[in-house]
Amino acid sequence: MKSADVTSVRESFSTHVAGEYDVVVAGGGASGLIAAVSAARAGAKTAVIERQGCLGGNATTGMVAQYLGFYNRETRVAGGLAYELTQRIRALGGSEGFARYLLAEASASPVPLINFPFNPEIVKIAADEFAQDAGVDIHLHTQIVKPLLGESRVEGVVIETVSGRSALRAKMVVDASGDGMIAAASCVPHAGVEPELKRNRQPCTLVFRMSSVDVKRFRAVPREEKRAIALEGLKEGRIYWESLSFCSTPGGKDAVSLMSRIFDIDALDAADATRAELAGRRQVKTIVRFLRERVPGFENAILAGIAARVGVRETRRIIGQYTLTEEDIVGNRRFADAIALGAGPMDLHDSKGTGVALWMPEVPFEIPLRCLLPESVQGLVVAGRAMSATRDANGGSRHMGTAMCLGEAAGIYAALAARGEASLRDPAVETVRAMLRERGALICVEDALAAAEAERSEIMKFKAA
Ligand SMILES: Cc1cc2nc3c(=O)[nH]c(=O)nc-3n(C[C@H](O)[C@H](O)[C@H](O)COP(=O)(O)OP(=O)(O)OC[C@H]3O[C@@H](n4cnc5c(N)ncnc54)[C@H](O)[C@@H]3O)c2cc1C
C-alpha cells in the first residue's frame, strides 16, 4: 500500500435530499433565531439548523446572560423582532427588563450602560416559541457539514444528525454560524484567519453560574473595594482578568459570571476547542473557590452550572460588499442602505493580558446591508458576528442585540431573494428597509431618535394621567 493510502481515504456516496426550503438558516444563535423568524414572517418556507439542543446561541448554550447592543447611552437602537424577543422573555418571567449596569465594574475602564439581563433557561423556551409561532422548521442536534454548491451559488446545506447524513436544498442560505463557516466553504473571501492573528485572538470565556448568592450584599460593595479584591485575586493567580462582575443575577440569588479568560485559542481548530473547555473548567474551579473565600455575598454560594460550550469572541469575518470600520463608527458615517444600528460598547479584550478596552460610541452607528452580502457568491447572506467589519469595528458590532438586528435584515433579504425580488447586484434596499420599518425596526439614527421621542411622550402622558 502506498503511503498516501495510509493518510487519506477516498469517500464517495450520494446523499439523500431530506427537504426543500426557500430559506435555510445555518445556526440558531442570536442572529440565526431572528433571521429564521424574520424570513418566515416575510412568507418564506424556512428552516433553522442548530448543532446544540436549543436555540439562542451564546445566550443559552454559552450562558452569556445579558443582551447588549440595545441601548447606546440613553437611546434604544434595536426594535423589531429583537425587541419583541425581549418582551417575550419578560412575559415568561425570564427577565425584569432593561436595567442600568456598570460593565467591567472592577476594571480600570468600566462603562455604564443599559443591558437586558436574563435567565438563559427561560430564553431557551422563549426562543422555541418564537420560532414555532412563526412557522419555522427547527432542526436541533443537527451539524451542518458543508454547503451544497452550484455554479457560483450556494444551493443548500449538507447536514449530519443521529439519523445519518442528508441534504437540505434552499433557494437562499443565511450563514448565522458566527464563524462564517458556510461563507468560507463557499470561497467567500474572509479575514480573521491570518497566521499572526490565529494565536492572538481575543480570549475565550467559559461562563458559569453560582447559586445561593447574596446578590444584594455583593452589589452593595463599593467599586473600589471590588477592584482591590480583583487585583489581589489576579496577583495570587486565582482569577484571570480584572473582572468581578456578573452579567445576570436571576432572582437575586444566582450570579452568572464571565470571569474565566482562556488565551491562545484558535476556535477553528478542533484540538484548541477541546483545550479551551478543559482550561476553562480548571479556571472555573479556582474562581469559584476565590469567590467563596473572598467576595462578600458568595460565602455560601455553590457552583450551579457551567455553560455547555465555551464562548468564542473572534474567528472569521467575511469580506463583503462593504467593510465597516472604526472610523465609520467614530465619524457617525451614514449609509443609504443602513439596515441596523449598532450601539456599542466597543469591546476588545487583550489577547494576552488582564485588561479590556471598553468605550461607548458617542452616538449609535449605522450598518449597511452590503456588510452582509458577498461580492459574488449567490444564494448566500451572512448575519451576526461574521459580518464584514474590521477587527476593531467588530468589537462594537458583535453584541447580541446588534446580531439580532442584522439577523432580521438578513431574513427579509433572503425571503425576497428566494422569490427573485432581490439579488447581490440589486438587493432591493428600499423594500428591505421599508419592511424592517413596518415591523418597528430602527435602522438609522433618525429612527432611534424618533422612537426615543415617542417613548418620552408616552411616559409624559402616563405621568399626566
Ligand atoms: C464570553 C463572551 C461574552 C460576551 N458577552 C456579551 C454580552 O454580555 N452581551 C452581548 O450582547 N454579547 C456578548 N458577547 C457577544 C455575543 O455573544 C456574540 O458575538 C453573538 O452571540 C454573535 O451572534 P451570532 O448569531 O453571530 O453567533 P452565536 O450567537 O454564537 O450563534 C451561532 C450559532 O450557530 C451554531 N452553529 C455554528 N456552527 C454550526 C454548525 N456547523 N452546524 C450547526 N450549528 C452551528 C452555534 O451552535 C450557535 O448556536 C459575548 C461573547 C462572548 C464569547
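Residues numbered from 1 in each chain as written. Predicted model: local features only at pLDDT ≥ 70, side-chain atom pairs only at ≥ 80, totals over all residues. Heavy atoms only, no water.

Caption draft 1: Region of interest: the packing of helix 12 (residues 400–418) against helix 13 (residues 429–438). Orientation of helix 12 relative to helix 13, taken along the N-to-C sense of each, is 125°, at an axis distance of 10 Å. With respect to their mutual orientation, helix 12 and helix 13 come out oblique. In terms of crossing hand, the pair formed by helix 12 and helix 13 is right-handed. Counted together, Glu408, Ala409, Ile412, Tyr413 and Leu416 of helix 12 and Thr431, Val432, Met435 and Leu436 of helix 13 form the full contact between these two elements. In the contact of helix 12 with helix 13, the residues fall into seven nonpolar, one polar and one charged. (Axes fitted to C-alpha atoms, helices over the stretch in contact; angles between N-to-C directions. Helix = DSSP H or I, 4+ residues; strand = E, 2+ residues; numbered from the N terminus. Parallel < 35°, antiparallel > 145°, perpendicular 65-115°, else oblique. Left-handed = near helix turned anticlockwise from the far one by under 90°. Contact = heavy atoms within 4.5 Å. Nonpolar A, V, L, I, M, F, W, Y, C, P; charged D, E, K, R; others polar.)

Caption draft 2: The arrangement of the environment of Ala185 in detail. Counting through the fold element by element, Ala185 comes out in helix 5 (residues 181–185). The sequence separation of Ala185 and Leu149 amounts to 36 residues, and the corresponding C-alpha distance is 9.2 Å. With residues up to four places along the chain from it excluded, the contact list for Ala185 reads Pro147 and Leu149.

Caption draft 3: A look at the side chain of Ser186. For Ser186, the location among the structural elements is in the loop between helix 5 and strand 12 (190–191). Of note is the side chain of Ser186, whose polar atom sits 2.6 Å from the backbone oxygen of Ile182. In this structure Ser186 touches Pro147, Leu149, Val154 and Val377, once residues within four positions along its chain are discounted. (Polar contact = N/O pair within 3.5 Å; in protein donor to acceptor, adjacent residues only side chain to side chain.)

Caption draft 4: Representation of the site of the ligand in the model. Around the ligand, the structure places 32 residues, and the nearest of them are Ser31, Glu50, Arg385, Arg398 and Met400. A distance of 2.7 Å separates an oxygen atom of the ligand from a polar side-chain atom of Ser31. At a separation of 2.9 Å, an oxygen atom of the ligand approaches a polar backbone atom of Leu68. Protein chains bury 95% of the 1000 Å² of accessible surface belonging to the ligand in isolation. At the level of elements, helix 2 (30–41), strand 3 (66–67), strand 9 (143–150) and helix 12 are the ones that each hand at least two residues to the shell around the ligand. Across the shell around the ligand, the residue classes tally to twelve nonpolar, 15 polar and five charged. (Near = heavy atom within 4 Å. Areas by Shrake-Rupley, 256 points an atom, 1.4 Å probe, with all protein chains shown as cover.)

Caption draft 5: Highlighting the environment of Val381. For Val381, the location among the structural elements is in strand 22 (residues 380–382). Sequence spacing of Val381 and Asp426 is 45 residues, and the spatial spacing of their C-alpha atoms is 13 Å.

Caption draft 6: Looking closely at the nonpolar core. One finds Tyr67, Val174, Leu291, Phe298, Leu324 and Tyr413 to be the most contacted residues of the largest nonpolar core, which totals 116 residues. In terms of residue count, the dominant contributor to this core is helix 12 (14 residues). Of the residues that make up this core, three or more belong to each of domain 1 (17–91 + 117–198 + 314–456) and domain 2 (208–306). Apart from residues no more than four positions distant in its own chain, Leu291 is found in contact with Phe208, Met210, Leu244, Phe246, Met259 and Phe298. (Core = buried A, V, L, I, M, F, W, Y, C linked by side-chain atoms within 4.5 Å. Buried < 20%, exposed > 50% of the residue type's maximum accessible area, 1.4 Å probe, protein only. Domains from an automatic or database assignment.)

Caption draft 7: Here's a closer look at the pattern of salt bridges. One pass over the structure, following the stated rule, counts 35 salt bridges. Across the pair Arg294 and Glu236 runs a salt bridge, and its minimum N-O distance is 2.8 Å. Of this pair, Arg294 sits in helix 9 (residues 270–294) while Glu236 sits in the loop between helix 8 (223–235) and strand 14 (246–248), and the two are 58 residues apart along the sequence. Here the residues in one salt-bridge network are Glu232, Glu236, Arg238, Glu293 and Arg294, joined through shared partners. (Salt bridge = Lys/Arg side-chain N within 4 Å of Asp/Glu carboxyl O.)

Caption draft 8: Structural detail: the layout of surface pockets. By volume, the second largest pocket amounts to about 440 Å³. Elements that contribute at least two residues to the lining of the second largest pocket include exactly strand 6 (99–103), strand 7 (111–117), helix 7 (215–220) and strand 14. Considered class by class, the residues forming the lining of the second largest pocket number ten nonpolar, ten polar and three charged. (1 Å grid on protein atoms, 1.4 Å probe; cavity = no way out; pocket = protein on both sides within 12 Å on 5 of 7 lines; lining within 4 Å. Points joined across faces, edges and corners; volume = space filled by probe spheres on them.)

Caption draft 9: Molecular detail of helix 9. Its 25 residues place the ends of helix 9 36 Å apart at the C-alpha level, agreeing with the 36 Å of an ideal helix rising 1.5 Å per residue. Along helix 9, the residues that are buried comprise Asp272, Ala276, Glu277, Ala279, Gly280, Gln283, Val284, Ile287, Val288, Phe290 and Leu291. Looking at the packing, one finds that the buried side of helix 9 touches strand 13 (208–211), helix 8, strand 14 and strand 16 (302–306). (Expected span 1.5 Å × (residues − 1).)

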